[in-house]
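Examination of the molecular architecture
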Amino acid sequence: DWLLRYIDNRKDAVIPDFRQTELRNAVERISGDLCISRPKSRLDWGIELPFDKDFVTYVWFDALTNYISFAGYDPNAVATGLRPVGTAHSAVATTDYEAQPQEFRDRWSKDTLQMIGKDILIPAHGIYWLIILHALGFPDEAMPQLLVHGWWNLGGAKMSKSAGNIVDPVALIEKYGAEALRYYLMIGIAAGQDADFSEEHLIQFYNRDLANDLGNMLSRTLTMIKKYRKGQIHWPSSTLRPPYECKGWQNYVDTMKQFAVHQCIYIAVGAASFCNQYIEDQKPWALAKDPKHSDQLDAVLYYLADALRISAILISPVLPKAAHEIFDQLNWKMELRGKEERFSLKDAEWGGLLDGHVVGKPMPLFPRIEL
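Residues numbered from 1 in each chain as written. Predicted model: local features only at pLDDT ≥ 70, side-chain atom pairs only at ≥ 80, totals over all residues. Heavy atoms only, no water.

A closer look at the nonpolar core
- Core analysis: the largest hydrophobic core is formed by 69 residues, its most contacted members being Tyr183, Leu202, Ile315, Ile326, Leu330 and Phe366.
- Breaking this core down by element, the ones donating at least two residues are α7 (169-176), α8 (178-187), α9 (199-229), α10 (247-257), α11 (261-282), α13 (294-315) and α14 (320-330).
- By residue number, the principal contributor to this core is α13, which donates 15 residues.
- Non-local contacts of isoleucine 326, meaning those with residues more than four positions away in its chain, are made with Leu214, Leu218, Leu308, Ala312, Ile315 and Leu365.
- One finds Tyr58, Tyr97, Ile116 and Trp129 within the second-largest nonpolar core, a separate group that totals 30 residues. (Core = buried A, V, L, I, M, F, W, Y, C linked by side-chain atoms within 4.5 Å. Buried < 20%, exposed > 50% of the residue type's maximum accessible area, 1.4 Å probe, protein only. Helix = DSSP H or I, 4+ residues; strand = E, 2+ residues; numbered from the N terminus. Contact = heavy atoms within 4.5 Å.)

Structure below.
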């Protein structure tokens, strides 16, 4: 009854929402007590129950406790009282979450997220685990949010070591690089859904999004700044507007909060596609030939360079190496070179680059993968 109430009261207890519906339906069908043991006559391994030596703890009960024990959970913390448990209205001592050591509560905060595979949501994590925590005295707000991911399939079938239909990530990294593989793994599957792995799609996404769009934009922009302004950018004094509105960045934040990483990547990398079209529309090479359009050329080059800076921030969670290389070529925040704090979402606003800033030399960022 408690678990049903918890699921009904917290609409994002399980992500994606169709998995929450699936869990609720399963809980509703429970008609009796849950079995947490197996007879020794059936298993020759396991941890004996302290109150019956003929039985061992069921693995999906015992193993779950590792989630809190590794974080410093203290089973001897002061109990806060007795709570009725089960159909017999017996009572057991409970340990209040707030009585736990500060170290544990810092690690197991009220914003804890657990990522699990779809095959272990029911009953292990969606039923056993949440009930264990409730019985230990964890309040509803300290229940972990469950992010349920799908499977990478191969040829329509689930990958399996025993079946031998697996993909070696190390071999793919050696062939295409870690950034290319990471990009495909993040953009090729939607949160909670299954996807079919394809080396052909890996190459296709890499060439289209990274080589043709983002890498091409970086090269074109820095080359034009070097050619037309000797590597120096200037604040826009023209009334020309940026290639797109920054409100898109808020969509990025909202989407990331829903763990739809693939959509966030479309927002971040899609900006490069807008900018490449912006270059074709504004024709900087034509503006450079007429001194009357000097202010407009400054504005175009500034917006393109600043768009690269913003794009680097947004891709940094998925493509950290590429993000650092973009900043390096922009000659931006060099004192934080190689450090994660180089990128901050609060900086993802137009106007971050300084007037008179000198950019670096363009270098190939995403060489095309040729078949």
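Here we look at the sheet that holds strand β1 (residues 14-15)
- As summarised here, the arrangement of the 3 strands in space is β1-β8-β7, forming an open sheet in which the pairing is parallel. Strands at the two margins of the open sheet, each flanked by one partner only, are β1 and β7 (113-117).
- Inspection of the sheet shows β7 paired to strand β8 (residues 145-149) by 5 bridges, in the parallel sense. Directly across from isoleucine 116, in β8, lies its bridge partner valine 148.
- Running at roughly 155° to β7, helix α6 (residues 121-135) makes contact with β1, β7 and β8 of the sheet. (Pairing = 2+ DSSP bridges. Axes fitted to C-alpha atoms, helices over the stretch in contact; angles between N-to-C directions.)

Digging into the sheet that holds strand β2 (residues 37-39)
- Strands sit in the order β2-β4-β3 across an open sheet of 3 strands; the sheet is antiparallel. Two strands bound the open sheet, and with one partner strand each, they are β2 and β3 (48-49).
- Of the strand pairs in this sheet, β3 and strand β4 (residues 52-57) are connected by 2 bridges, and their pairing is antiparallel. Looking across to β4, one finds that leucine 49 is bridged to aspartate 52.

Some words on α9
- For α9, built from 31 residues, the straight-helix expectation of 45 Å at 1.5 Å per residue is met to within 8% by its first-to-last C-alpha distance of 42 Å.
- Along α9, the sharpest kink reaches roughly 35°, centred on asparagine 216.
- The backbone nitrogen of glutamate 200 has a side-chain oxygen 3.3 Å away, supplied by the residue at the start of α9, namely serine 198.
- Of the residues trailing α9, lysine 230 is marked for its positive phi of about 55°. (Expected span 1.5 Å × (residues − 1). Bend = angle between axes of the 7 residues up to and from the residue. Polar contact = N/O pair within 3.5 Å; in protein donor to acceptor, adjacent residues only side chain to side chain.)

With respect to the packing of helix α1 (residues 2-9) against α6
- Interaxial distance between α1 and α6 falls to 10 Å at its minimum, and their mutual angle equals 100°. As the angle between them shows, α1 and α6 are arranged roughly perpendicular. For the pair α1 and α6, the contacting residues are Trp2, Leu3 and Tyr6 in the first and Gly126, Ile127, Leu130, Ile131 and His134 in the second. (Parallel < 35°, antiparallel > 145°, perpendicular 65-115°, else oblique.)

Thoughts on the packing of α9 against α11
- Where α9 contacts α11, the two axes come as close as 9 Å, and the packing angle between them is 50°. Relative to α11, the element α9 lies oblique. In this structure, α9 crosses over α11, and the sense of that crossing is left-handed. Mapping the contact onto sequence places Arg208, Asp209, Leu210, Asn212, Asp213, Leu214, Asn216, Met217, Arg220, Thr221 and Met224 in α9 and Tyr266, Val269, Ala272, Ser273, Cys275, Asn276, Ile279 and Glu280 in α11.
- Of the residues assigned to the contact of α9 with α11, the class counts are 9 nonpolar, 5 polar and 5 charged. (Left-handed = near helix turned anticlockwise from the far one by under 90°. Nonpolar A, V, L, I, M, F, W, Y, C, P; charged D, E, K, R; others polar.)

With respect to the pattern of salt bridges
- One pass over the structure, following the stated rule, counts 22 salt bridges.
- Taking the shortest distance from any N to any O, the salt bridge between arginine 24 and aspartate 8 comes out at 2.6 Å. Remark: aspartate 8 occurs in helix α1 and arginine 24 occurs in helix α2 (residues 17-28); sequence separation between them is 16 residues.
- Judged by relative accessible area, which is 31%, aspartate 8 ranks as partly exposed.
- A network of salt bridges, in which partner residues are shared, links Asp8, Arg24 and Glu28. (Salt bridge = Lys/Arg side-chain N within 4 Å of Asp/Glu carboxyl O.)

Thoughts on unusual backbone geometry
- That bond from isoleucine 15 to proline 16 is cis: its omega, 0°, falls within 30 degrees of zero.
- Within the secondary structure, proline 16 sits in the loop between β1 and α2.
- With an omega dihedral of 0°, the bond running from isoleucine 122 to proline 123 counts as a cis peptide bond.
- With respect to the helices and strands, proline 123 occurs in helix α6.
- At asparagine 331, a position not held by glycine, the phi torsion is positive, near 60°.
- Following the sequence through the fold, asparagine 331 ends up in the segment after α14.
- In this structure, lysine 333 is a non-glycine residue whose phi angle is positive, near 50°.
- Tracing the sequence through the fold places lysine 333 in the segment after α14.
- Take lysine 333: its relative accessible area is 23%, and that puts it in the partly exposed class.

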